[in-house]
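Here's the letter readout for the chains.
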Amino acid sequence: MFGHAAHKFWMKFSGGALIGFGILGFFGTMPATNEPLRWGLDLLSWPLDGFPSYESRETWFLSALSGGFLTGWGVTMYCVSLWLYDLDGERCRKTVFAGLLGWFLVDSSGSITSGNWENAVWNILVLVILVGPMWRPAQSTA
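The structure reproduced in this document is the subject of the present report. (Residues numbered from 1 in each chain as written. Predicted model: local features only at pLDDT ≥ 70, side-chain atom pairs only at ≥ 80, totals over all residues. Heavy atoms only, no water.)

## Quick word on the packing of helix α4 (residues 89–113) against helix α5 (residues 117–131)
With their axes 8 Å apart at the nearest point, α4 and α5 run at an angle of 170° to one another. With respect to their mutual orientation, α4 and α5 come out roughly antiparallel. Contact residues: α4 offers F97, L100, L101, W103, F104, D107, S108, S111 and I112, while α5 offers W117, N119, A120, N123, I124, V126, L127, L130 and V131. Looking at the contact of α4 with α5, its residues break down into 13 nonpolar, four polar and one charged. (Axes fitted to C-alpha atoms, helices over the stretch in contact; angles between N-to-C directions. Helix = DSSP H or I, 4+ residues; strand = E, 2+ residues; numbered from the N terminus. Parallel < 35°, antiparallel > 145°, perpendicular 65-115°, else oblique. Contact = heavy atoms within 4.5 Å. Nonpolar A, V, L, I, M, F, W, Y, C, P; charged D, E, K, R; others polar.)

Laid out in structure tokens, this is it:
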């Protein structure tokens, strides 16, 4: 169904998406540019009610940390697709898949325990998009 090329492409796509979220986190560190991130978090913690306010320096600092982690994870995933996938695609797929499941479990559990269960529901959609065809091993084209 999906071959190695599709998995390799999807790793690049997922890595790029994570880099994008990381950069959004960086822009969340400054009052002049944090509105898109504040609005996104408001959406993820439905209903749209102005929470979180994104006015505290602690929140900006957490944006810097999470933005950095997401960017680093995205770069790692992208580089795995470039430099390692052709050597052992199945192990790369499992590694990326395990990382995505780890994110999903911790982020969703933390969202639920912090009273933001709505984000756990959004995470299901994000997980499906980021994993894409990597749910299953690549089909051989030979």
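Back to the write-up after that little detour.
## So, the layout of surface pockets
Taken as a whole, the largest pocket holds about 1300 Å³ of empty space. For the largest pocket, the lining is made up of 34 residues, of which L37, L41, L44, D107 and N119 are closest to its centre. Listed by contribution, the elements that provide at least two residues to the lining of the largest pocket are α1 (4–27), α2 (35–44), α3 (57–84), α4 and α5. Sort the elements by how many residues they give to the lining of the largest pocket and α3 lands first, with seven residues. Of the residues assigned to the lining of the largest pocket, the class counts are 21 nonpolar, twelve polar and one charged. (1 Å grid on protein atoms, 1.4 Å probe; cavity = no way out; pocket = protein on both sides within 12 Å on 5 of 7 lines; lining within 4 Å. Points joined across faces, edges and corners; volume = space filled by probe spheres on them.)

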